[in-house]
Number of protein chains: 2
Amino acid sequence: MDDLEAVLSRVRERVLPEPEERERLRAAATALTDRTHEAIADLPVGADVVQVGSTARGTWVAGDRDIDLFVRFDADLDRAELEEYGLAVGHAVLPDGHEEYAEHPYVKGNYEGFDVDLVPCHDVETAGDLVSAVDRTPFHDAYLSARLDDDLAADVVLAKAFLKGIGAYGSDLRTEGFSGYLTELLVLELGGFVPLVESARSWHPPVEFDPEGHAERTFEDPLVVVDPTDPTRNVAAVLSATNLARFQHYARELLAAPSEALFEPDEPEPLDPEEVRAHLDRRGTTPVAVVFDAPDVVDDQLWPQLRRSLDGIVGGLNDHGFDVLRARAMTDAAGTRNGGGGSDADGGSGDREVPERAAAVESTRAALYAELEVTERPAVARHDGPPVAVRKHAANFYESYVDDVDPDTYGPFIDGDRYVVEREREFVTVRGYLESDAAGDVALGAQVEPAFADRDVLVGEAVATLAPAFGRPLRGFYEPRP
Amino acid sequence: MDDLEAVLSRVRERVLPEPEERERLRAAATALTDRTHEAIADLPVGADVVQVGSTARGTWVAGDRDIDLFVRFDADLDRAELEEYGLAVGHAVLPDGHEEYAEHPYVKGNYEGFDVDLVPCHDVETAGDLVSAVDRTPFHDAYLSARLDDDLAADVVLAKAFLKGIGAYGSDLRTEGFSGYLTELLVLELGGFVPLVESARSWHPPVEFDPEGHAERTFEDPLVVVDPTDPTRNVAAVLSATNLARFQHYARELLAAPSEALFEPDEPEPLDPEEVRAHLDRRGTTPVAVVFDAPDVVDDQLWPQLRRSLDGIVGGLNDHGFDVLRARAMTDAAGTRNGGGGSDADGGSGDREVPERAAAVESTRAALYAELEVTERPAVARHDGPPVAVRKHAANFYESYVDDVDPDTYGPFIDGDRYVVEREREFVTVRGYLESDAAGDVALGAQVEPAFADRDVLVGEAVATLAPAFGRPLRGFYEPRP
């Protein structure tokens, strides 16, 4: 087994930017800042420029090429003017850039190989005064810049590389992992990467850190890190219980059996149809998939809706007796920027608190995939009526069934203190349910609902046709790991 | 619709004993009492004789031919002597009688067409002093005899006929219905049969009556009638919630649509195999039956054990994912004194509080019968481990599965805050479960357990072979009524 320090040393070599990379980035940031000042000079209002994000603080992972410049306007500037002036500056600095949209529109472009965001915000006095979430970023940057020395900054890079390696980096709503700001605060709070993982292996959620000791409310989340710049905000609010547990698991694994592999994200090969069939054969389950066009929205809107839709369908399946063993929402290969299939975190929005909103890729297909233990039920279902003693209800129930000529109705009879009937079951087969209007009545995401109306329902081995388009999330499903 | 009073009048004609029947019974009871006094005179100790039960109080249903004589010995007489003298008197009075056993042995025999029980007991001063449950009976008799006039006695007969008609008469542990004493107390308390059913239709269990206002404890039963001769005893303790609800249901039906049929017990024809198959076809269920020799014990011992065994097996089936729609314990035609199949109450032990113990009929077969919604599950089953945060347990769980080479084990993976594996399921088919040792590990009745070891397991249409032997309980199962 490798020694932890030896492993970390080799990881550092890979993930810490070389001096040349740092210098290139510094030079580019300086040039962009100068250009921005010039553009501001042409405006009828004043503003300053602040470089934020990991590349501003020396906490980026080698190879990341993001430069974030925030243009701070007076706090009183109204929103329309802020947007107008912000875009004017953006286009002046990045003539080939295009507009994107987070809390405000902003300009994104390329400069000497770097991905540059030029984001307008309000220059508020404290984080408590902020007009929009974007305004928070400079406070985060100032807080961290004042406290991270070179050693801690290097440990932040290790921590980010580790979280990327285990697929838990990114506060986008698909990943539900650790944001860059959260990662930096944890390294700062615990005093380094190794102290962080040593601490994490013994955490008993809920775990709370409050670096400034100023929390003004309580939080329900499994991990709470009170924002040092805002006593009412949990920086870890997006982190899922699963990703917190995964972090603990891999923290223990790193300390027990140090390995560089933990710092290297998997890029699993897509499962092929033959492999899908082999798993079904081994497992003896019946899979179902409801497949539809993913609504044309960004991941941060799509994934909460897909999860909500999955919960709705799983609830509906279970309620109708089609017991679900395990289920997952998936998008096909078109649905991820790295060209792979669905469920892997790409960490792409880990660095900044307000994630960039990438334009949605056209014609992504989404699948609500579930493996069932039960796909058929009898023609009759038990239906418990009111207690016989509750006279009016009981009489209504009894009268409504006693003259029922439907040959599929048995009873009413009495079991314990209640009337009971066995009556025709609404859905005898899972296909009947999934193709019915009732399946669309579960809580679906608002934008999923119209797409869901035009769904394909696959039952049994037919799901193998989902590979290879959904081959990567299918491998994740059939080769589940912590 | 018939008028209630007209219906009751016709029922009275059928169920109230004619003067000749009363006179024949009175003469027989007098002759038997005289004979008993003569036999007592030959003993070295004194005793008196008291006629008890419905035939002593004029509350028997026409055609009942039971005469119960209790021989009361001094309260200090020890048990061995009581039994010796009691049997001596019994054999002297009923030379052709045979011994049976309730709390003591006693002699049962025939006299001029009447079924006579000659039961020894202790002459205690109050019900609080009683040595055995048998000693209670004379107190009950004295209490009722002092309070029931001819009109109330006639209403008691109506009430008994009604309870027999709806199959809820008898405090034996198979029927779990209304004892004769309970019926008489209720008629007395409410002031007649019609006031009783008028009251019952609006009862909201738990319902409590305490005729003497002397209850010394609380009771958990749905109907409580505190014994006027014992403030710590609920006369309705044996009554099941189902039979109480059934009584309420039929009380409402009698008042809403009076009919003599409600006073006439059904004797359903046994279901034949073709009818069983037709029901299975309509219902789309899969029936299973575990069939074995009923242990050679009396009904009051057999039925609690069969119910307990049924609960155990139903619990086991559900726990293993073989969802039960409805289930029933049954005995075959040999298991009932009236020659019919199983589940109908025969009311035979309704009149006396301590039921007679009929000799068990040899070679009764018993069946635990269940209709299933699900008969197969996948090869894998989900198994939730401890939360990842519970470090020692979590590590043990993870280690025990991570190197598992069983190809049927998936995981461990993390879902929410826990480790999860999908591992080989213990029982994939219901037959596999029911034929396994595990099925015998559920809570079975003590005397059922050895018989259960040598069980036949029927799955699916094979259960049709249970008809006609189990044809009557099968009709009850497939034509369920209140």
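Residues numbered from 1 in each chain as written. Chains lettered and ligands numbered in written order. Predicted model: local features only at pLDDT ≥ 70, side-chain atom pairs only at ≥ 80, totals over all residues. Heavy atoms only, no water.

**Re the packing of aromatic side chains**
So, step 1. For the coordinates displayed, the defined rule picks out 33 aromatic pairs over all chains.
So, step 2. An aromatic cluster of at least three residues, connected via ring pairs, comprises A:Phe162, A:Phe178, A:Phe193, A:Trp203, A:Phe209, A:Phe247 and A:Phe263.
So, step 3. Stacked on the ring of A:Trp60, the Lys or Arg A:Arg22 has its end atom at 5.7 Å from the ring centre.
So, step 4. Above the plane of the ring of B:Phe477 lies B:Arg326, whose end atom (NZ or CZ) is 4.3 Å from the centre. (Phe/Tyr/Trp six-rings, centres within 6.5 Å; stacked < 30°, edge-to-face > 60°. Lys NZ or Arg CZ within 6 Å of the ring centre and 35° of its normal.)

**Structural notes on the domain arrangement of chain A**
So, step 1. Parsing chain A into structural domains produces domain 1 (15–139), domain 2 (150–263), domain 3 (273–376 + 429–478) and domain 4 (380–424).
So, step 2. Summarising the inter-unit geometry, the C-alpha centres of domain 2 of chain A and domain 4 of chain A are found 55 Å apart. (Domains from an automatic or database assignment.)

**A word on helix α5 (residues 137–145) of chain A**
So, step 1. Burial analysis of α5(A) places seven of its nine residues in the buried class, which makes it a mostly covered element.
So, step 2. Those residues of α5(A) that fall on the buried side of the exposure criterion are A:Thr137, A:Pro138, A:Phe139, A:His140, A:Asp141, A:Tyr143 and A:Leu144. (Buried < 20%, exposed > 50% of the residue type's maximum accessible area, 1.4 Å probe, protein only. Helix = DSSP H or I, 4+ residues; strand = E, 2+ residues; numbered from the N terminus.)

**Looking at the sheet that holds strand β2 (residues 66–74) of chain A**
Note on sheets: strands pair through backbone hydrogen bonds, and any given pair is parallel or antiparallel.
Residues and elements named next belong to chain A.
So, step 1. Spatially, five strands are ordered β1-β2-β5-β4-β3 in an open sheet, and the strand pairing comes out mixed. Across the chains shown, the open sheet's two edge strands, defined by having one partner strand only, are β1 (47–52) and β3 (98–101). The sheet shows a mean angle of 30 degrees between the axes of neighbouring strands, direction not considered.
So, step 2. Here nine bridges tie β2 to strand β5 (residues 114–123), and the two strands are oriented parallel to one another. Across the sheet, residue Arg72 finds its bridge partner in β5, namely Cys121.
So, step 3. Strands in contact with helix α4 (residues 79–93) are β2, β3, β4 (105–111) and β5; relative to β5, the strand with the most contacts, it is inclined by about 155 degrees. (Pairing = 2+ DSSP bridges. Axes fitted to C-alpha atoms, helices over the stretch in contact; angles between N-to-C directions. Contact = heavy atoms within 4.5 Å.)

**Description of the pairing of strand β12 (residues 410–415) of chain B**
Residues and elements named next belong to chain B.
So, step 1. Pairing of β12 with strand β13 (residues 418–424), which is carried by four bridges, proceeds in the antiparallel orientation. Looking across to β13, one finds that Phe413 is bridged to Val420.
So, step 2. Where β12 hands over to β13, the hairpin turn is made up of two residues, of which Gly416 adopts a positive phi near 65 degrees.

**Let's talk about the side chain of B:Asp135**
Residues and elements named next belong to chain B.
So, step 1. For Asp135, the location among the structural elements is in the loop between β5 (114–123) and α5 (137–145).
So, step 2. Buried charge without a partner: Asp135 forms no salt bridge, and the closest opposite charge is Arg79, 8.7 Å away.
So, step 3. In terms of polar contacts, Asp135 uses its side chain to reach the backbone amide nitrogen of His122, at 3.0 Å.
So, step 4. A polar contact is formed between the side chain of Asp135 and the backbone nitrogen of Ser132, at a distance of 2.8 Å.
So, step 5. Those residues in contact with Asp135, other than ones at most four positions away along the chain, are His104, Cys121, His122, Val124 and Leu130. (Lys, Arg positive; Asp, Glu negative; His and termini not counted. Salt bridge = Lys/Arg side-chain N within 4 Å of Asp/Glu carboxyl O. Polar contact = N/O pair within 3.5 Å; in protein donor to acceptor, adjacent residues only side chain to side chain.)

**With respect to the interface of chain B and chain A**
Think of interface size as the accessible area that goes away when the parts come together; that is how it is often given.
So, step 1. With 53 residues of chain B at the contact, the number on the chain A side is 53 residues.
So, step 2. Of all residues in chain B, B:Arg282, B:Arg391 and B:Tyr410 give up the largest surface area on contact with chain A, accounting jointly for 15% of the area buried on that side.
So, step 3. Inspection of the region where chain B meets chain A yields 10 salt bridges.
So, step 4. Two residues, B:Glu373 and A:Arg425, come together in a salt bridge whose shortest N-O distance is 3.2 Å.
So, step 5. Taken together, the connections running from chain B to chain A amount to 26 residue pairs in polar contact (both at pLDDT 80 or more).
So, step 6. Listing elements by their share of the side of chain B that touches chain A, those giving two or more residues are α9 (241–256), α10 (273–283), β9 (324–331), β11 (380–387), α12 (391–402), β12 and β13 of chain B.
So, step 7. With eight residues, the single largest contributor to the side of chain B that touches chain A is α9(B).
So, step 8. Of the residues contributing to the side of chain B that touches chain A, the split by class is 24 nonpolar, 10 polar and 19 charged. (Buried area = accessible area lost by both parts, 1.4 Å probe. Nonpolar A, V, L, I, M, F, W, Y, C, P; charged D, E, K, R; others polar.)

**Topic: the relation of the copies chain B and chain A**
So, step 1. When chain B is fitted to chain A, the best match, at an RMSD of 0.0 Å, comes from turning it 180 degrees and sliding it 0.0 Å along the axis. What the superposition gives is, in effect, a two-fold axis relating one chain to the other. For chain B, the residue whose C-alpha comes nearest the rotation axis is B:Val374, separated from it by 3.6 Å.
So, step 2. The residues that chain B uses at the interface reappear at the interface of chain A in 100% of cases, marking a shared surface. (Least-squares fit on C-alpha atoms with pLDDT ≥ 70 in both.)

**Remarks on unusual backbone geometry**
So, step 1. B:Pro205 connects to B:Pro206 through a cis peptide bond whose omega is 0 degrees.
So, step 2. Mapped onto the secondary structure, B:Pro206 falls in the loop between α8 (193–200) and β6 (207–209).
So, step 3. A cis amide bond, omega 5 degrees, links B:Gly411 with the succeeding residue B:Pro412.
So, step 4. Its location among the elements puts B:Pro412 in strand β12.
So, step 5. With a phi angle near 50 degrees, A:Glu112 is a residue other than glycine that sits in the positive phi range.
So, step 6. Residue position: A:Glu112 is located in the loop between β4 and β5.

**Considering the UniProt feature "binding site: ATP" (unreviewed entry) in chain A**
Residues and elements named next belong to chain A.
So, step 1. In the numbering used here, UniProt assigns the "binding site: ATP" (unreviewed entry) feature to Ser54, Arg57, His140, Lys160 and Tyr169.
So, step 2. As for its placement among the helices and strands, Ser54 is situated in helix α3 (residues 54–57).
So, step 3. By relative accessible area, Ser54 is classed as buried at 3%.
So, step 4. Examined against the element boundaries, Lys160 turns out to sit in helix α6 (residues 150–165). (UniProt positions renumbered as here; feature names shortened; annotations may be inferred.)

**Some points on the pairing of strand β8 (residues 286–293) of chain A**
Residues and elements named next belong to chain A.
So, step 1. Counted residue by residue, β8 has six buried out of eight residues, so it is predominantly covered.
So, step 2. As paired elements, β8 and strand β10 (residues 365–372) share eight bridges and run antiparallel to each other. Bridging from a neighbouring strand, Thr286 pairs with Leu372 of β10.
So, step 3. Two strands pair when backbone bridges link them, and β8 and strand β14 (residues 456–459) are joined in this way by four bridges, in the antiparallel orientation. Residue pairing in the sheet places Val291 in a bridge with Asp456 of β14.

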